[in-house]
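So the chains spell out like this:
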Amino acid sequence: MSTKIPTAAKDTRSEEEQAELEYGRLTSKDYLYVSEHPVGEPLPTPIEDEPPYIIYITTYISYLLLILIGHIRDFFGKIFKPRDYAHLVEKDGYGPWYDGFESFYVRRLKLRIDDCFARPIHGAPGRYIKCFNRDRTVVYDEYTYPGTSTECLNLSSYNYLGFAQSKGLCTDHALKAVEDYGTSGCSPRSLSGTTDLHKECERVIADFVYQEDAIIVSQGYGTNANLFASLADANSLIISDELNHASIRFGIRLSGASVKVFKHNDMRDLEKLLRNSIAQGQPRTHRAWKKIIIAVEGLYSMEGNMCNLPQIVELKEKYKCYLFVDEAHSIGALGPEGRGICDYFSVDSRRIDLLMGTFTKSFGATGGYIAGPKALINKLRINYITNNYSECVPPPVLGQIISSLSVIDGSLNPGEGSERLKRIAFNSRYLRLGLKKLGFIVYGADDSPVIPLLLFLPGKMPAVSRFLYSMNIAVVVVSYPATPLSSARVRLCVSSALTKEDLDYVLTKFNEVGDMVYLKFSSGIAGGSKIPGQPPRWSIEDVIATNVEDCKMASMA
């Protein structure tokens, strides 16, 4: 196991300097943009550029070599170093927790680059993030900590609107909630733990997403994990997007409902599934389904693209089924008013039966919510396991949620919420287009604050992560099983806390790293090419000179 992490040294900066590190100052009104899809226009399908075939071939060969070397080391290790493999063999009549095959990926692939994952941090995850320095020992999963830390530009946190601050309006409201209600959430006025603050928070959320009512819970993952068991049974059908989050998939399995999966964002496949499911009914009996639920996400966090909400709503109404939308990543981050995917597409949110979201991304808090018709929410208050058997949301978290929502809708400190929304919209488009111009393969929609940059080869994951870390840029690398084996990526999470100058620095350093480790695979079809049909190879100077105006165009794809 890793060595105990030391306590962080006290920061001696002034409050003004600290605030600047947590949330950068806007340097020009030109660096603002409104994220909104034109009403009536179809959602353009994001163009997924492909690298040369040699990249795919070398990617699979690399994994093949890693697997081969791993098995050779296991074979000889069990002979010459049996103590190192004692946890993988039967002992005293007890079987191992995992056999060698089950733990092979973690032991022989992930642990080799484990220093690139789960870097320990301290302080607020704002514009900059402080990462503890650590040195790897001979043993893969052990580190020594010298007691120092590195301050990095933060492109690794879901702090979309920059509300995760140690000082500021939201922090003051959180502290006031502690003074008024304590920290546990229980109050002499309510033995159940539900206070007037909880009720106020639910009302604020329902008003924010334009639904009749809402229910809040203390767990983000648990919001989905137990929801479907309260909505569906063995006589129900849930049609799920193939890239839905693990919490949705787990919740569907737990419900016992039948499940069918449609191709990601493929409306033809979805309609075909709906039509055939209604026509055929339940397996064996062919009775009509008790209910059919379509489950999608507003913004997909691994791909950086959005669901085609207008068409999904049309299909839902055409075939008289229910629609569940997970807005964990879209609420607060999309739309001219920050009200999520419905706001972005100008779709009436009451046409959605259930809206789910979390407070960990855009609001700098914890937990999740379910919003929908009052009758359905009242039912969930009775049979929703996460609500009934988990702890209530603590008052300081409620204070953070209410105040951040109030800032976004303008009822608290008017103007601040609008600026934050416009900054994240500009930053998302600016960084995405800049990377495309430089020749990188980037997935996702233009307005998405999640920007996946494709690496492909497994050896390039640690190279990019370590190079950028040495340049004081913190990023997240993602690979199998979270993504397909051949599409490892850097997932950049954009925040309104970043300045345009920060993004220019990021582009400059990515340009250097891209040249060093050969990452510029783009063919130019995704919007980076200067000349149609020609491979894009913009210089970093040209990118910075033209990107402000170009990123405000309707689409560069």
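If you're wondering where the values come from, they're calculated on a predicted model, not measured in any experiment.

Visitor: Looking at this structure, how should I read helix α9 (residues 267-280)?
Guide: An α-helical segment advances 3.6 residues per turn. Residues three or four places apart therefore align on the same side. With 14 residues, α9 ought to run about 20 Å at 1.5 Å a step, and its terminal C-alpha atoms sit 20 Å apart, in line with that. For α9, the complete set of buried residues consists of M267, D269, L270, L273, L274 and S277. Each buried residue of α9 lies within a common arc of 160° when the element is viewed along its axis, so the set occupies one face. Seen from the buried face of α9, the exposed residues on the opposite side, beyond 90 degrees, are R268 and A279. Of the residues flanking the start of α9, the one acting as N-cap is D266, its side-chain oxygen 3.1 Å from the backbone nitrogen of R268.

Visitor: How do you make sense of the sheet that holds strand β1 (residues 121-122) when you look at a structure like this?
Guide: Sheet strands line up and pair through hydrogen bonds in the backbone, either parallel or antiparallel. Spatially, the four strands line up as an open sheet ordered β1-β2-β5-β14, and their pairing is mixed. Because the sheet does not close on itself, it has two edges, and the strands there are β1 and β14 (473-474).

Visitor: Explanation requested: the domain arrangement of the chain in the structure shown.
Guide: Accessible area lost when the parts come together is the quantity often used to give the size of an interface. In terms of domains, the chain is made up of domain 1 (22-51 + 122-154 + 419-556), domain 2 (65-112) and domain 3 (194-393). Placing a centre on the C-alpha atoms of domain 1 and another on those of domain 3 gives a separation of 29 Å. Facing the 24 residues of domain 1 at the interface are 19 residues of domain 3. Interface area for domain 1 against domain 3, summed over the two sides, is near 1800 Å², with a carbon-plus-sulfur share of 60%. The largest share of the area that domain 1 buries against domain 3 comes from H37, L43 and L421, three residues that together contribute 29% of it. A salt bridge links R489 to E303, with the nearest nitrogen and oxygen atoms 3.1 Å apart.

Visitor: Even after reading the chapter, I still don't get the pattern of salt bridges, so can you show me in this structure?
Guide: If the charged atoms of two oppositely charged side chains come close together, the side chains can form a pair. What the rule picks out here adds up to 27 salt bridges. With its nearest N and O atoms 3.0 Å apart, the salt bridge here joins K290 to D233. Here K290, found in the loop between α9 and β9 (291-297), pairs with D233, found in the loop between α7 (227-231) and β7 (236-241); they are 57 residues apart in sequence, far enough to count as distant. The structure contains a network of salt bridges with shared partners spanning E16, E20, R25, R127 and D502.

Visitor: What is the right way to read the layout of surface pockets from this model?
Guide: One water molecule sets the probe size; rolling that probe over the atoms shows where empty space is left. Space inside the second largest pocket adds up to approximately 640 Å³. Its residues assigned to classes, the lining of the second largest pocket shows 14 nonpolar, 13 polar and nine charged. Two domains each put at least three residues into the lining of the second largest pocket: domain 1 (22-51 + 122-154 + 419-556) and domain 3 (194-393).

Visitor: Would you take a moment to explain unusual backbone geometry for this structure?
Guide: The general pattern is negative phi for most residues beyond glycine and trans for most peptide bonds. At the junction of Y480 and P481, the peptide bond is cis and its omega measures out at 10° in the coordinates. Locating P481 in the fold gives a position in the loop between β15 (476-478) and β16 (488-493). Non-glycine residue A118 carries a positive phi angle of around 50°. Among the structural elements, A118 can be located in the loop between α3 (104-110) and β1. Residue A118 is classed as exposed on the basis of its relative accessible area of 72%. Positioned with a positive phi, Y518 is a non-glycine residue whose angle comes to about 60°. By secondary structure assignment, the location of Y518 is in the loop between α17 (500-517) and α18 (540-550).

Visitor: How should the environment of L455 be read in this particular structure?
Guide: Take L455: it is sitting in strand β13 (residues 450-456). Residues L455 and K520 lie 65 residues apart in sequence; the distance between their C-alpha atoms is 9.3 Å. Setting aside anything within four residues of it in sequence, one finds L455 in contact with K460, M461, V464, A488, R489, V490, L519 and F521.

Visitor: Quick question: what am I supposed to make of the pairing of strand β10 (residues 322-326) here?
Guide: Within a regular strand, side chains alternate between the sheet's two faces. For β10, a buried count of four out of five residues is recorded, marking the element as mostly surrounded by other parts of the structure. The pairing of β9 with β10 spans five bridges and is parallel. Bridge pairing in β10 links V296 to V325. Summarising the sheet, β10 and strand β11 (residues 354-358) pair through three bridges and their orientation is parallel. Residue pairing in the sheet places V325 in a bridge with L355 of β11.

Visitor: Quick question: what am I supposed to make of the pairing of β13 here?
Guide: By the criterion of burial, β13 is predominantly enclosed, with seven of the seven residues buried. Burial along β13 is two-sided: the face carrying V450, P452, L454 and F456 and the face carrying I451, L453 and L455 are both buried. In terms of strand pairing, β13 meets β16 through six bridges, oriented antiparallel. Following the sheet pairing, L453 is matched in β16 by V490.

Visitor: I would appreciate a short explanation of the nonpolar core in the present structure.
Guide: General note: in soluble globular proteins, nonpolar side chains tend to be found buried as a group. Ranked by size, the top nonpolar core spans 66 residues in total, and within it L270, L274, V296, L309, L323 and I341 carry the most contacts. At seven residues, helix α14 (residues 395-409) tops the list of elements feeding residues into this core. Each of domain 1 (22-51 + 122-154 + 419-556) and domain 3 (194-393) contributes no fewer than three residues to this core. Here L270 is in contact with I239, F262, I294, I312 and L315, once residues within four sequence places are set aside. Counting residues in hydrophobic clusters, the runner-up holds 54 residues, among them F117, V464, F510 and V513.

Visitor: What exactly am I supposed to notice about a nonpolar patch on the surface here?
Guide: A surface patch of nonpolar side chains, about 1300 Å² in accessible area, is lined by Y53, I54, I57, I61, L65, L68, I69, I72, F75, F76, I79 and F80. Looking at the secondary structure, you find I79 in helix α2 (residues 53-80).

Visitor: It is not clear to me how the sheet that holds β13 should be interpreted in this structure. Could you clarify?
Guide: One open sheet accounts for three strands, arranged β13-β16-β15; its pairing is antiparallel. The outermost strands of the open sheet, each flanked by one partner alone, are β13 and β15. The average angle at which neighbouring strand axes cross in this sheet is 30°, direction not considered. Pairing analysis gives three bridges linking β15 to β16, with the strands arranged antiparallel. Within β16, the position partnered with V476 by the bridge is R491.

Visitor: I'm lost on the packing of helix α5 (residues 196-208) against α14 in this one. Help?
Guide: The relative placement of two packed helices is expressed as an angle between their axes plus a distance between the axes. Remark: α5 packs on α14, axes separated minimally by 10 Å, with the N-to-C direction vectors making an angle of 30°. In terms of orientation, α5 and α14 fall into the roughly parallel class. In terms of crossing hand, the pair formed by α5 and α14 is left-handed. Counted together, L197, H198, E200, C201, V204, I205 and F208 of α5 and P395, L398, I401, I402, L405, I408 and D409 of α14 form the full contact between these two elements. For the contact of α5 with α14, the per-class residue count stands at 11 nonpolar, one polar and two charged.

Rules used in this analysis
Residues numbered from 1 in each chain as written. Predicted model: local features only at pLDDT ≥ 70, side-chain atom pairs only at ≥ 80, totals over all residues. Heavy atoms only, no water. Helix = DSSP H or I, 4+ residues; strand = E, 2+ residues; numbered from the N terminus. Expected span 1.5 Å × (residues − 1). Buried < 20%, exposed > 50% of the residue type's maximum accessible area, 1.4 Å probe, protein only. Arc of directions from axis to C-beta. Polar contact = N/O pair within 3.5 Å; in protein donor to acceptor, adjacent residues only side chain to side chain. Pairing = 2+ DSSP bridges. Domains from an automatic or database assignment. Contact = heavy atoms within 4.5 Å. Buried area = accessible area lost by both parts, 1.4 Å probe. Salt bridge = Lys/Arg side-chain N within 4 Å of Asp/Glu carboxyl O. 1 Å grid on protein atoms, 1.4 Å probe; cavity = no way out; pocket = protein on both sides within 12 Å on 5 of 7 lines; lining within 4 Å. Points joined across faces, edges and corners; volume = space filled by probe spheres on them. Nonpolar A, V, L, I, M, F, W, Y, C, P; charged D, E, K, R; others polar. Core = buried A, V, L, I, M, F, W, Y, C linked by side-chain atoms within 4.5 Å. Patch = residues over 30% accessible without salt bridge, like charges linked within 9 Å, V, L, I, M, F, W, Y side chains within 5 Å. Areas by Shrake-Rupley, 256 points an atom, 1.4 Å probe, with all protein chains shown as cover. Axes fitted to C-alpha atoms, helices over the stretch in contact; angles between N-to-C directions. Parallel < 35°, antiparallel > 145°, perpendicular 65-115°, else oblique. Left-handed = near helix turned anticlockwise from the far one by under 90°.

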